[in-house]
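Here is how the chains run, residue by residue.
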Amino acid sequence: MTAGERWDAKYAVWQEPGAPSEFVTGCAELAGGCPTAVDLAGGAGGTALWLAQQGIDTTLVDVSGRALEIARDAAIERGLRLRTLQADLESDLLPTLDELGGADGWHAAVCTNFLHRPLLGALDGLLVPGGIALVLIATVDNLLRNARPGRPFLVERGELPELCTGLEPVSFEEGWFGQRHEARLVARRPR
Ligand SMILES: C[S@@+](CC[C@H](N)C(=O)[O-])C[C@H]1O[C@@H](n2cnc3c(N)ncnc32)[C@H](O)[C@@H]1O
């Protein structure tokens, strides 16, 4: 079974995009105006639709065609413009900027609850100079209270900023956010 088929099966029972990430909605760096954004492995589009609603030209990338369908339906229903792209972000050859649809790079790249270390190391190449990355991943400490996500999907404590090579941290928080232990990084591609 491919990653797409596995995730399609999970999204089969979903009808709605879900709520946007409060890490993203609360990000001060986005508040100043941001022309374009990409949400990588953004699922059924909860966060991507919120970005589109802010007037940001938004691309949602995910391996699941079913998740993207949910997002597209919601965009139509809400009168929002949302680009969607089905891509396997874990394949050996990471998609190039052109393949992802951002000719000159995006002004913001979001990646929440999806850990593929090579992708995080390539975020700088997806951004325009000065562009920001917003990354949120649960840490290994999350296992103290939650059985999932499992170990392969968790970062070590302090690991996240080191994974995002080529980006300068703007803010980094690690700790309990409600019942989840998360690493939250906002980082910028140098100008
Ligand atoms: C835990 S969900 C997180 C969704 C969303 N980012 C969020 O925070 O709610 C993980 C997402 O990664 C997507 N995904 C899994 N493997 C992938 C891959 N190889 N390439 C692209 N997306 C993938 C899944 O379809 C799913 O939408």
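Residues numbered from 1 in each chain as written. Predicted model: local features only at pLDDT ≥ 70, side-chain atom pairs only at ≥ 80, totals over all residues.

## Considering the pairing of strand β6 (residues 168-177)
Reasoning step 1: Pairing of β6 with strand β7 (residues 180-188) involves nine bridges; the strand directions are antiparallel. Within β7, the position partnered with Gly 175 by the bridge is Glu 182.
Reasoning step 2: Here β6 folds back onto β7 in antiparallel fashion, the turn holding two residues, of which Gly 178 has a positive phi close to 65°. (Pairing = 2+ DSSP bridges. Helix = DSSP H or I, 4+ residues; strand = E, 2+ residues; numbered from the N terminus.)

## Brief notes about the sheet that holds strand β2 (residues 57-62)
The strands that make up a sheet are held in pairs by hydrogen bonds between backbone atoms, and each pair lies either parallel or antiparallel.
Reasoning step 1: Taken in spatial order, the seven strands make up an open sheet running β3-β2-β1-β4-β5-β7-β6, and their pairing is mixed. The open sheet has two free edges, formed respectively by β3 (82-86) and β6, since each of these has just one partner strand. In this sheet, neighbouring strand axes are inclined to one another by 15° on average, regardless of whether the strands run parallel or antiparallel.
Reasoning step 2: Bridging between strand β1 (residues 36-40) and β2 involves five bridges; their strand directions are parallel. (Axes fitted to C-alpha atoms, helices over the stretch in contact; angles between N-to-C directions.)

## Notes on the site of the ligand
Reasoning step 1: Close contacts around the ligand come from 16 residues, with Trp 7, Ala 41, Gly 43, Val 63 and Asn 113 the closest.
Reasoning step 2: Residues that form the shell around the ligand fall into these classes: seven nonpolar, six polar and three charged. (Near = placed C-beta within 6 Å. Nonpolar A, V, L, I, M, F, W, Y, C, P; charged D, E, K, R; others polar.)

## Quick word on the packing of helix α4 (residues 46-53) against helix α5 (residues 65-78)
Reasoning step 1: In contact at an axis separation of 10 Å, α4 and α5 are set at 30° when each is read in the N-to-C sense. One element, α4, and the other, α5, form an angle in the roughly parallel class. Crossing handedness for the pair α4 and α5: right-handed. Counted together, Ala 48, Leu 49 and Ala 52 of α4 and Ala 71, Ala 74, Ala 75 and Arg 78 of α5 form the full contact between these two elements.
Reasoning step 2: A class-by-class count of the residues in the contact of α4 with α5 yields six nonpolar, no polar and one charged. (Parallel < 35°, antiparallel > 145°, perpendicular 65-115°, else oblique. Left-handed = near helix turned anticlockwise from the far one by under 90°. Contact = placed C-beta atoms within 7 Å.)

## Topic: the environment of Val 38
Reasoning step 1: As for its position among the elements, Val 38 is in strand β1.
Reasoning step 2: Distance in space between the C-alpha atoms of Val 38 and Gly 130 is 15 Å, their sequence separation being 92 residues.

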